[in-house]
Amino acid sequence: MSDLRIESVMPWAPHPTAAPLSERRDDLLVVAANGTRTCIGGWQLVYSGVVAGETYSIQVDAGFADLDRVQDQLRCELYWGELPADEPRNGHREVVSWDYLVPESGSDDSTRFTRIAKAPEGADRLTLRYTLRWSRAGSAHWHLPQIDRSEAAEAESAPVRICVVTGRSEDRQGPYRTIEENIDFYLPLCRQACAEATPDLIVLPEIALQWGLEGSPLDLAVPAPGPETAPFAELARRCGVYLLLGLLERDGDAVHNSAVLIGPDGTIVGKYRKVHLAVGGEMETGILPGDDFPVFDTAIGRVGCNICMDSSAAESSRMIGLNGADFLLLPIMGDHRAWHPENHVWDPERFKGIMMTRAVDNQLCMVVAVNRARGTCIIDRTGHVLAWNDGDRPYVSATVVLNDGFRPANKGCYRSTNWMQRRPHAYSAFVDPDNLGGLLPREY
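Fair warning: this is a prediction, and the values are worked out from it, not measured in the lab. (Residues numbered from 1 in each chain as written. Predicted model: local features only at pLDDT ≥ 70, side-chain atom pairs only at ≥ 80, totals over all residues. Heavy atoms only, no water.)

Asks: What am I meant to see in the overall build of the chain here?
Replies: When helices and strands are tallied, the chain shows seven helices and 24 strands. A total of 444 residues make up the chain; the buried ones form 50% of that total. For the chain, long-range pairs separated by at least 24 residues make up 68% of all intrachain contacts whose partners lie at least 6 apart in sequence. When the accessible area of the chain is evaluated, it comes to approximately 20,700 Å², of which 50% is carbon and sulfur surface. Here the chain contributes 43 positively and 61 negatively charged side chains, and the mean placements of these two sets differ by 4 Å. (Helix = DSSP H or I, 4+ residues; strand = E, 2+ residues; numbered from the N terminus. Buried < 20%, exposed > 50% of the residue type's maximum accessible area, 1.4 Å probe, protein only. Contact = heavy atoms within 4.5 Å. Areas by Shrake-Rupley, 256 points an atom, 1.4 Å probe, with all protein chains shown as cover. Lys, Arg positive; Asp, Glu negative; His and termini not counted. Charge placed at Lys NZ, Arg CZ, Asp CG, Glu CD.)

Asks: Explain the sheet that holds strand β10 (residues 125–133) to me, please; I cannot follow it from the model alone.
Replies: Note: strands within a sheet are paired through backbone hydrogen bonds, in either parallel or antiparallel orientation. Within the open sheet, the five strands sit side by side as β1-β4-β10-β6-β7. Their pairing is antiparallel. What marks the edges here is a single partner per strand, and that holds for β1 (5–12) and β7 (95–100). Sheet twist, expressed as the average angle between the axes of neighbouring strands with direction ignored, equals 20 degrees. (Pairing = 2+ DSSP bridges. Axes fitted to C-alpha atoms, helices over the stretch in contact; angles between N-to-C directions.)

Asks: Could you clarify how one ought to interpret the pattern of salt bridges in this entry?
Replies: Pairs may arise between side chains of opposite charge once their charged atoms sit close together. Tallied over the full model, the rule gives 24 salt bridges. The partner of R115 in a salt bridge is D99, with the nearest N and O atoms 3.1 Å apart. In this pair, R115 is assigned in strand β9 (residues 110–118) and D99 in strand β7, connecting sequence segments 16 residues apart. Accessibility assignment for this pair places R115 and D99 in one class, buried. Between K274 and E282 there is a salt bridge whose closest N-O contact spans 2.7 Å. Exposure class is identical for K274 and E282. Each is buried. (Salt bridge = Lys/Arg side-chain N within 4 Å of Asp/Glu carboxyl O.)

Asks: I tried to follow a nonpolar patch on the surface on my own but got confused; where do I start?
Replies: Residues Y427, F430 and V431 make up a contiguous nonpolar surface patch of roughly 310 Å² in combined accessible area. Tracing the backbone shows Y427 in the segment after α7 (414–420). (Patch = residues over 30% accessible without salt bridge, like charges linked within 9 Å, V, L, I, M, F, W, Y side chains within 5 Å.)

Asks: Just checking my understanding: could you explain the packing of helix α5 (residues 314–322) against helix α6 (residues 348–362) for this structure?
Replies: Any two packed helices are characterised by how steeply their axes cross, that is the angle between the axes, and by the distance between the axes. Interaxial distance between α5 and α6 falls to 9 Å at its minimum, and their mutual angle equals 40 degrees. Our pair here, α5 against α6, has a crossing hand that is right-handed. On α6, the residues touching A314, S317, R318 and G321 of α5 are R358, D361 and N362. Along the lines of polarity and charge, the residues of the contact of α5 with α6 split into one nonpolar, three polar and three charged. (Left-handed = near helix turned anticlockwise from the far one by under 90°. Nonpolar A, V, L, I, M, F, W, Y, C, P; charged D, E, K, R; others polar.)

Asks: I tried to follow the side chain of T382 on my own but got confused; where do I start?
Replies: Position of T382 among the secondary structure elements: in the loop between β22 (377–379) and β23 (385–388). Engagement of the side chain of T382 in a polar contact is seen with the side chain of D380, the distance being 2.7 Å. A polar contact of 2.9 Å, which involves the side chain of T382, links it to the side chain of H384. Other than its neighbours up to four places away in sequence, T382 contacts V360, D404 and F406. (Polar contact = N/O pair within 3.5 Å; in protein donor to acceptor, adjacent residues only side chain to side chain.)

Asks: Looking at this structure, how should I read unusual backbone geometry?
Replies: Note: most residues except glycine have negative phi, and most peptide bonds are trans. Following A224, the chain continues to P225 via a peptide bond in cis, the omega torsion being 5 degrees. In this structure, P225 sits in the loop between α3 (217–220) and α4 (230–239). With phi around 35 degrees, I207 is a residue other than glycine that occupies positive phi space. Tracing the backbone shows I207 in the loop between β14 (201–203) and α3. Notably, A373 is not glycine yet its phi reads approximately 80 degrees, a positive angle. Take A373: it is sitting in the loop between β21 (365–370) and β22.

Asks: What am I meant to see in the packing of aromatic side chains here?
Replies: Tallied over the full model, the rule gives nine aromatic pairs. Centroid distance Y56 to W80: 6.0 Å. Interplanar angle 45 degrees. Geometry classified as tilted. Residue Y56 is found in strand β5 (residues 55–65), and its partner W80 is found in strand β6 (residues 74–81); the two are separated by 24 residues along the sequence. A relative accessible area of 3% places W80 in the buried class. Through a chain of ring-to-ring contacts, three or more aromatic side chains come together here, namely Y79, W98 and Y100. Lying over the aromatic face of W12, R129 brings its terminal NZ or CZ to 3.9 Å of the ring centre. Positioned above the aromatic ring of W388, the side-chain terminus of K352 is 4.5 Å from the ring centre. (Phe/Tyr/Trp six-rings, centres within 6.5 Å; stacked < 30°, edge-to-face > 60°. Lys NZ or Arg CZ within 6 Å of the ring centre and 35° of its normal.)

What follows is the structure, given as structure tokens:
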């Protein structure tokens with residue numbers, strides 16, 4: 001149990017005409033829609049006795065009736081500090097920081113909101129705000145929260161040291177004739193990176209095993225695991241690192257453009273197969289595309305992948321984000337969007353902006369491995385470019401802090417806001433197989 005003391009329980013609404021109907025029945029806080037589309041409000045509870053630095057487990061149960069989009073219409077938020085019951089939260093001076101309680105799937109008529117949260121420096125009060133919004137009809141009945149001191153810390157991860165190994169641009173002029181030559185090129189660079197930077201994760205470029213080789217992918221593909229992946233598996237085991245290796249993978253009667261994640265024990269812990277094959281060659285080679293965007297739980301965090309052309313489909317990185325990744329690893333040969341539309345040359349600033357957007361929009365770290373080195377980068381979830389290769393370095397490295405504590409001017413958690421703002425019911429076109437966007441016929 002916690003030592004928090006309840007100071008006040010009162011209805012809240014941003015404006016009298018928006019206020020829902022509210023009624024308190026002992027420990028049950030009832031709120032009902034007011035019949036208008038402007039309806040938004042509910043109950044606000046203020047607790048004193050907060051100890052800065054302590055971690056609290058908060059659980060709120062709510063029942064509801066006649067609501068058709070519960071996760072859109074019910075919200076529960078926590079504020080470290082106190083704010084007036086007739087004001088929005090945005091950056092209020094008495095609030096140190098705020099966050100959402102996370103909704104859990106419940107029954108057909110109830111849901112639960114939970115959070116483990118650490119009281120920040122300067123906080124001596126906790127405010128919980130229960131909200132019903134955006135519905136002419138329906139009601140919710142909220143229970144008083146269960147608040148306990150918690151021994152569990154908020155989810156924290158150790159900093160992760162990453163190396164992206166490509167070789168310098170001038171080193172990759174070729175021609176290369178065999179997979180063994182590519183192994184002999186990349187393997188010493190991986191050893192060098194391990195010796196100099198002691199990474200937790202190494203990322204190699206797209207089809208690193210077969211890049212530059214002449215011939216059909218159907219002839220060049222190799223199994224994974226297999227003799228060609230074994231040297232990298234041995235390096236991962238000996239150096240205790242995760243290593244992402246790009247290759248043309250043979251899987252029975254199919255060939256994929258794949259990225260395999262090798263663990264510190266030398267085994268493959270994850271495998272991604274490129275979903276969007278490149279137009280103008282790859283799509284017509286007999287390579288079979290993959291059909292999903294897996295995310296792999298590892299000791300350094302949750303890891304997902306895209307490969308090259310995947311990046312030009314916004315859905316690819318979004319799916320990695322929706323599947324809960326901390327890192328998006330992107331082996332890539334090039335990016336047609338980065339070619340300047342006027343002078344038709346590769347524009348590093350355009351490329352950098354694309355990758356920064358992917359990182360921020362999906363709240364993950366982008367790790368980009370370009371075959372010819374230039375443009376290789378590591379970008380954190382705030383959009384900061386931590387490492388960049390102009391093509392003159394054999395590898396780049398950076399340390400990524402997943403729990404960076406970043407909060408924008410409104411004092412809310414950036415990651416929480418990013419995901420809690422989503423309204424999936426409005427996105428039906430996103431998964432409509434007949435929707436071709438700007439290619440749809442139109443009348444003039």
